[in-house]
Amino acid sequence: MPYAISLKCTNNTALPVLDLWRQASAFETVPSMQGLNYPPHLTFAIYEDISPEYLCEAARKAFDNIPAISVEFSGIRHFRNEVLVLWARPVDDSALRHAHQAIHREIDPLLCDEHYRPNRWQPHCTIAMKIPMASAETALTWAAETPARFTVTFDVADCVRSPPVEILSEIKLAPRYSANHR
């Protein structure tokens with residue numbers, strides 16, 4: 001059963017992603033993202049053989065004193081595997097890459113799934129992850145025509161075991177204050 005470190009959105013800025021989940025689920029046999037019973041998120045690392053305690057402690061260290069991360073998204077991209085995966089693309093992923101590096105300073109990257117290792121990881125917020133190839137072209141047309149421009153504030157990091165998603169620990173990120181906040 002795999003373990004992961006993720007950054008999730010537990011506030012109302014998640015609404016545009018939830019709307020995209022609903023729309024994209026029309027291309028799936030069963031809605032994949034709603035079925036997770038887990039909020040919009042970015043997965044930073046996936047591990048097969050790791051102690052959950054070690055994983056959670058490393059996540060705590062990596063996200064210690066990190067403020068909530070606001071990410072602007074623009075556009076929907078895809079991965080083609082045996083199924084089509086649609087995802088929202090961050091405009092600027094530098095804060096996400098910084099957090100990703102912090103995780104891999106705590107846990108040897110060679111323990112991580114190869115797609116989530118440094119220089120391989122593509123920051124993304126999944127919109128649909130199980131679109132059958134028979135629906136791929138229709139889904140890609142929808143993705144190209146859908147203006148997916150919004151900002152999400154990711155305010156909690158966590159360690160999970162899945163499937164199904166089981167939260168092992170959470171790290172609430174500090175609120176981000178604007179320069180005008182007094």
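**Re the pattern of salt bridges**
Point 1. On inspection of all chains with the given rule, the structure shows 10 salt bridges.
Point 2. Ionic pairing is found between aspartate 93 and arginine 97, a salt bridge with its closest N-O pair at 3.2 Å.
Point 3. By relative accessible area, which is 30% here, arginine 97 ends up partly exposed.
Point 4. When salt bridges that share partners are traced, they join Lys8, Asp158, Glu170 and Lys172 into one network.

**Focus: the sheet that holds strand 8 (residues 166-172)**
Point 1. With antiparallel pairing, the 4 strands of this open sheet are ordered in space as 2-1-7-8. Of all the strands in the sheet, the pair left with one neighbour each is strand 2 (41-47) and strand 8. Sheet twist, expressed as the average angle between the axes of neighbouring strands with direction ignored, equals 20°.
Point 2. One ladder, built from 6 bridges, connects strand 1 (residues 3-8) with strand 7 (residues 156-161); its direction is antiparallel. Paired with alanine 4 across the two strands is valine 160, which belongs to strand 7.
Point 3. Strands in contact with helix 2 (residues 52-62) are strand 1, strand 2, strand 7 and strand 8; relative to strand 8, the strand with the most contacts, it is inclined by about 20°.
Point 4. On the sheet, helix 3 (residues 94-106) packs against strand 1 and strand 2 and is oriented at approximately 25° with respect to strand 2.

**Focus: the environment of aspartate 155**
Point 1. Here aspartate 155 is to be found in the loop between strand 6 (149-154) and strand 7.
Point 2. Along the primary structure aspartate 155 and leucine 7 are separated by 148 residues, whereas in three dimensions their C-alpha atoms are 7.3 Å apart.
Point 3. Other than its neighbours up to four places away in sequence, aspartate 155 contacts Lys8, Cys9, Thr10, Asn11, Ala68, Ile171, Lys172 and Leu173.

**Looking at the side chain of histidine 124**
Point 1. Its place among the elements puts histidine 124 in the loop between helix 3 and strand 5 (125-131).
Point 2. The class for histidine 124 is buried, based on a relative accessible area of 11%.
Point 3. At 2.6 Å, the side chain of histidine 124 forms a polar contact with the backbone oxygen of glutamine 122.

**Remarks on the layout of surface pockets**
Point 1. By volume, the largest pocket is sized at about 1200 Å³.
Point 2. If you list the elements that add at least two residues to the lining of the largest pocket, you get strand 1, strand 2 and strand 5.

**Description of the sheet that holds strand 3 (residues 69-80)**
Point 1. With respect to topology, 4 strands assemble into an open sheet ordered 5-4-3-6, the strand pairing being antiparallel. Of all the strands in the sheet, just strand 5 and strand 6 have a single pairing partner and so form its edges. Looking at each pair of strands side by side, their axes are set apart by 35° on average, direction ignored.
Point 2. Note: strand 4 (residues 84-90) against strand 5, 4 bridges, orientation antiparallel. Bridging across to strand 5, tryptophan 87 finds its partner in threonine 126.
Point 3. Across the sheet, helix 1 (residues 15-24) touches strand 3, strand 4, strand 5 and strand 6, and the angle it forms with strand 5 is around 15°.
Point 4. Contacts from helix 4 (residues 136-145) reach strand 3, strand 4 and strand 5, with the element oriented near 15° to strand 4.

**Brief notes about unusual backbone geometry**
What you tend to see is this: most non-glycine residues have negative phi, and most peptide bonds are trans.
Point 1. Cis peptide bonds are those with omega within 30 degrees of zero, and the linkage from serine 162 to proline 163 qualifies with -15°.
Point 2. In this structure, proline 163 sits in the loop between strand 7 and strand 8.
Point 3. Each neighbour pair has its own omega, and for proline 163 with proline 164 the value is -15°, a cis peptide bond.
Point 4. Relative to the helices and strands, proline 164 resides in the loop between strand 7 and strand 8.
Point 5. Positive phi outside glycine occurs at asparagine 37, with the angle close to 55°.
Point 6. Among the residues examined, asparagine 37 registers a relative accessible area of 70% and is labelled exposed.

Each value, and the rule that gives it
Residues numbered from 1 in each chain as written. Predicted model: local features only at pLDDT ≥ 70, side-chain atom pairs only at ≥ 80, totals over all residues. Heavy atoms only, no water. Salt bridge = Lys/Arg side-chain N within 4 Å of Asp/Glu carboxyl O. Buried < 20%, exposed > 50% of the residue type's maximum accessible area, 1.4 Å probe, protein only. Pairing = 2+ DSSP bridges. Helix = DSSP H or I, 4+ residues; strand = E, 2+ residues; numbered from the N terminus. Axes fitted to C-alpha atoms, helices over the stretch in contact; angles between N-to-C directions. Contact = heavy atoms within 4.5 Å. Polar contact = N/O pair within 3.5 Å; in protein donor to acceptor, adjacent residues only side chain to side chain. 1 Å grid on protein atoms, 1.4 Å probe; cavity = no way out; pocket = protein on both sides within 12 Å on 5 of 7 lines; lining within 4 Å. Points joined across faces, edges and corners; volume = space filled by probe spheres on them.

Geometry only, nothing functional implied.
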